[in-house]
Amino acid sequence: MEPIELLVGLAILAGLVGILLPVLPGTLLVLAAVLVWTVEDGSRTAWLVFAVAALVLVAGQIVKYLLPGRGLKADGVPNRTLLLGAVLGIVGFFVIPVVGLLIGFVGGVYLAELQRVGRSRAWPSTRSAMKAAGVSVLIELAAALLATWIWLAGAFMV
């Protein structure tokens, strides 16, 4: 294994961690790392590996938004509730590093639903939003792991 492959592997690992702990733009970091390896290698196989990995990552991003969104729509959680959760999640991230994102998101969704549907129905809507967020992270992680395996296979082929 060459030094560039070791550095690319570490960048991919950082991207995978960034998906689980949203401090870094994980998927973008994985894609950029594979691109660096591709440019450095320059072979036709490397470019094919990059194209397939990029396709997997883009598909993962699309599915990440479509699949959980349908579940939320079916549960009757409106977009403005998610928007408030996202805004308070971002605020929470800066107030309480790392865990503040989760606390702010859950608190924002709960407050929005408390105002919209009342106390008895606010928590089920919040649980639904938390489940959708978890599914979204798992989809993104699965796509990034698949892209990582594609890169590993390509790195050993070249």
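See the structure shown above.
Residues numbered from 1 in each chain as written. Predicted model: local features only at pLDDT ≥ 70, side-chain atom pairs only at ≥ 80, totals over all residues. Heavy atoms only, no water.

**Focus on the packing of aromatic side chains**
So, step 1. For the structure shown, the criterion picks out 4 aromatic pairs.
So, step 2. Judged by centre distance (6.1 Å) and plane angle (85°), the ring pair of Trp47 and Phe50 falls under edge-to-face. You can see Trp47 and its partner Phe50 sitting in helix α3 (residues 44-75), 3 residues apart, about one turn around the helix.
So, step 3. By relative accessible area, which is 16% here, Phe50 ends up buried. (Phe/Tyr/Trp six-rings, centres within 6.5 Å; stacked < 30°, edge-to-face > 60°. Helix = DSSP H or I, 4+ residues; strand = E, 2+ residues; numbered from the N terminus. Buried < 20%, exposed > 50% of the residue type's maximum accessible area, 1.4 Å probe, protein only.)

**Topic: the nonpolar core**
So, step 1. Among the nonpolar cores identified, the biggest contains 22 residues, and Val8, Ile12, Val30, Val34, Trp37, Ala144 and Trp151 are the most heavily contacted of them.
So, step 2. Those elements that provide at least two residues to this core are α1 (3-20), α2 (26-41), α3 and α6 (119-157).
So, step 3. The residues contacting Ile12, other than those within four sequence positions of it, are Val30, Ala33, Val34, Thr148 and Trp151.
So, step 4. Among the nonpolar cores identified, the runner-up in size contains 7 residues, and Leu72, Val77, Phe105 and Val109 belong to it. (Core = buried A, V, L, I, M, F, W, Y, C linked by side-chain atoms within 4.5 Å. Contact = heavy atoms within 4.5 Å.)

**Points about the packing of α2 against α3**
Axis angle and axis distance: for two packed helices, these are the angle between their axes and the distance between the axes, and together they describe the pair.
So, step 1. Interaxial distance between α2 and α3 falls to 9 Å at its minimum, and their mutual angle equals 170°. In terms of orientation, α2 lies roughly antiparallel with respect to α3. Across the interface between the two elements, Thr27, Val30, Leu31, Val34, Leu35, Trp37, Thr38, Val39 and Asp41 of α2 pack against Ala46, Trp47, Val49, Phe50, Ala53, Ala54, Leu57 and Gln61 of α3.
So, step 2. Its residues placed into classes, the contact of α2 with α3 shows 13 nonpolar, 3 polar and 1 charged. (Axes fitted to C-alpha atoms, helices over the stretch in contact; angles between N-to-C directions. Parallel < 35°, antiparallel > 145°, perpendicular 65-115°, else oblique. Nonpolar A, V, L, I, M, F, W, Y, C, P; charged D, E, K, R; others polar.)

**Points about α1**
So, step 1. Its 18 residues give α1 an end-to-end C-alpha distance of 26 Å, which sits within 8% of 26 Å, the value for a rise of 1.5 Å per residue.
So, step 2. Of the residues making up α1, those classed as buried are Glu5, Val8, Ile12, Gly15, Leu16, Gly18 and Ile19. All buried residues of α1 fall inside an arc of 155° around its axis, so they share one side. Projecting away from the buried face of α1 at angles above 90 degrees are the exposed residues Pro3 and Leu7.
So, step 3. Those residues of α1 that are buried lie in contact with α2 and α6. (Expected span 1.5 Å × (residues − 1). Arc of directions from axis to C-beta.)

**Quick word on α2**
So, step 1. The terminal C-alpha atoms of α2 lie 23 Å apart, and with 16 residues this matches the ideal 22 Å at 1.5 Å per residue to within 8%.
So, step 2. For α2, the full list of buried residues reads Gly26, Thr27, Val30, Ala33, Val34, Trp37 and Thr38. Summarising the axial view, the buried residues of α2 lie within an arc of 135°, below the 170-degree limit, and thus occupy one face. In α2, those exposed residues whose orientation departs by more than 90 degrees from the buried face are Leu28, Val39 and Glu40.
So, step 3. Buried positions along α2 lie against α1, α3 and α6.

**Section: the pattern of salt bridges**
If charged atoms from side chains of opposite charge come close, those side chains can pair.
So, step 1. Under the criterion given, the structure shown has 2 salt bridges.
So, step 2. The residue Lys64 makes a salt bridge to Glu140 at a minimum N-O spacing of 2.9 Å. One end of the pair, Lys64, is in helix α3; the other, Glu140, is in helix α6, and 76 residues separate them in sequence.
So, step 3. Judged by its relative accessible area of 12%, Glu140 falls in the buried class.
So, step 4. Across the salt bridge formed by Arg116 and Glu113, the nearest N and O atoms sit 2.9 Å from each other. You can see Arg116 and its partner Glu113 sitting in helix α5 (residues 99-117), 3 residues apart, about one turn around the helix. (Salt bridge = Lys/Arg side-chain N within 4 Å of Asp/Glu carboxyl O.)

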